[in-house]
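# Structure assessment
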Amino acid sequence: MSKKLMSYLPDYYQEIEEFVQIMDAEDIEFDELNAAIVDTFRQFHPETATWGIKYWEKDLKIVSMPSKPIEQRRSVVISKMRGSGKVSASMIKNVADSYDRGEVDVTVFPSEYYFVIRFIGTLGIPPNLQDLKDAIEEIKPAHLEVRYKFRYLVIREIHNVMRINEINNTKLNKFAGGVRIG
């Protein structure tokens, strides 16, 4: 028996089976309407957008790639939004953070004309590194080179720290000695 809509009505309506069935059907419709409203509001923010991410991409003139995971598409949108204005180390960090969702450090070496983006909170190479590189290339000053440093597991982080099953479940590209792109 429906409890939502029926709770607003006098008790004698609960004795009319047809009315109870109508209210049950209406409850389902209102639940679906509420879910649709909540889902629509989620599209207003790139951090939670799903089917609406294509509108963010269109507005920001980003080439939409529906085959990419939604998290990577969101990262591109958020990065594009963060990457406007005067370029600074903090802006570059904001853009890099939007891709990695971990801790990133940016160090600028102005006299040598380069800066380093160091991934601190992520092991190995982030899955959408090329998107990050494209975004950084778009916002960085042309005279500066960008270098990337990745974090890998080293012996002191494994020996007497990790259990055998943890080591076995860790992908090889997370360990020191992995391929570095830079």
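Everything numeric here is computed off the predicted structure, so don't read it as measured data. Residues take numbers from 1 onward in each chain, read along the sequence in its written order. Where local features are concerned, this predicted model is filtered to residues with pLDDT of at least 70; where side-chain atom pairs are given and counted, the filter is 80 or more; whole-chain, interface and lining totals use all residues. Values reported for side chains reflect all heavy atoms of the structure, with hydrogen atoms and water molecules removed beforehand.

### Focus: the confidence of the model for the protein chain
Across the protein chain, the average pLDDT comes to 82, with 80% of residues at or above 70. By definition, pLDDT measures how confident the predictor is in each residue, and it falls between 0 and 100. The way it works is that DSSP assigns letters per residue, a run of H or I at least four long becomes a helix, a run of E at least two long becomes a strand, and they are numbered from the N terminus. Put simply, helix H6 (residues 155-158) is where the protein chain has its lowest mean pLDDT, 64, and helix H2 (residues 53-59) is where it has its highest, 93. Contacts are residue-level and defined by heavy atoms, with any inter-residue pair within 4.5 Å sufficient. Taken as a whole, residues 178-182 scores under 50 in pLDDT and shows 12 contacts with residues more than four places along the chain or in a different chain.

### Some thoughts on helix H3 (residues 70-82)
A helix's residues, less one, multiplied by 1.5 Å, set its expected span. Between its first and last C-alpha, H3 extends 18 Å over 13 residues, near the 18 Å set by a 1.5 Å rise per residue. The cut-offs for exposure are 20% and 50% of the maximum accessible area for each residue type, with area from a 1.4 Å probe on protein chains only; residues under the lower value are buried, those over the upper are exposed, and the others partly exposed. For H3, the full list of buried residues reads Gln 72, Arg 73, Arg 74, Ser 75, Val 76, Val 77, Ile 78 and Ser 79.

### Quick look at the sheet that holds strand E1 (residues 104-109)
Any two strands between which DSSP finds at least two bridges are classified as paired. Taken together, the three strands give an open sheet; going across it, the order is E1-E2-E3, and neighbouring strands pair in mixed fashion. Here the strands that pair on one side only, and so sit at the sheet edges, are E1 and strand E3 (145-151). Going from strand to strand, the sheet's axes swing by 20° on average, the running direction of each strand aside. Relative to E3, strand E2 (residues 114-123) runs parallel, the two sharing six bridges. Bridge pairing in E3 links Phe 115 to Val 146. The strands touched by helix H5 (residues 129-139) within the sheet are E2 and E3, with E3 carrying the most contacts at an inclination of about 150°. Orientation is described by lines fitted to C-alpha atoms, with helices fitted over the stretch in contact, and by angles between N-to-C directions that extend from 0 to 180 degrees.

### Description of the packing of aromatic side chains
Between 30 and 60 degrees the pair is tilted, below 30 it is stacked and above 60 it is edge-to-face, where a pair is any two Phe, Tyr or Trp rings, Trp via its six-membered ring, whose centres lie within 6.5 Å. For the structure shown, the criterion picks out five aromatic pairs. Judged by centre distance (4.8 Å) and plane angle (25°), the ring pair of Phe 109 and Tyr 114 falls under stacked. Relative accessible area serves as the criterion here: at 29%, Phe 109 is assigned to the partly exposed category. Residue class for Tyr 114 comes out buried when judged on its relative accessible area of 13%. Either the NZ atom of lysine or the CZ atom of arginine qualifies as a charge over a ring when it sits within 6 Å of the ring centre and within 35 degrees of the ring normal. Above the ring of Tyr 114, the side-chain terminus of Arg 147 is found at 3.7 Å from the ring centroid.

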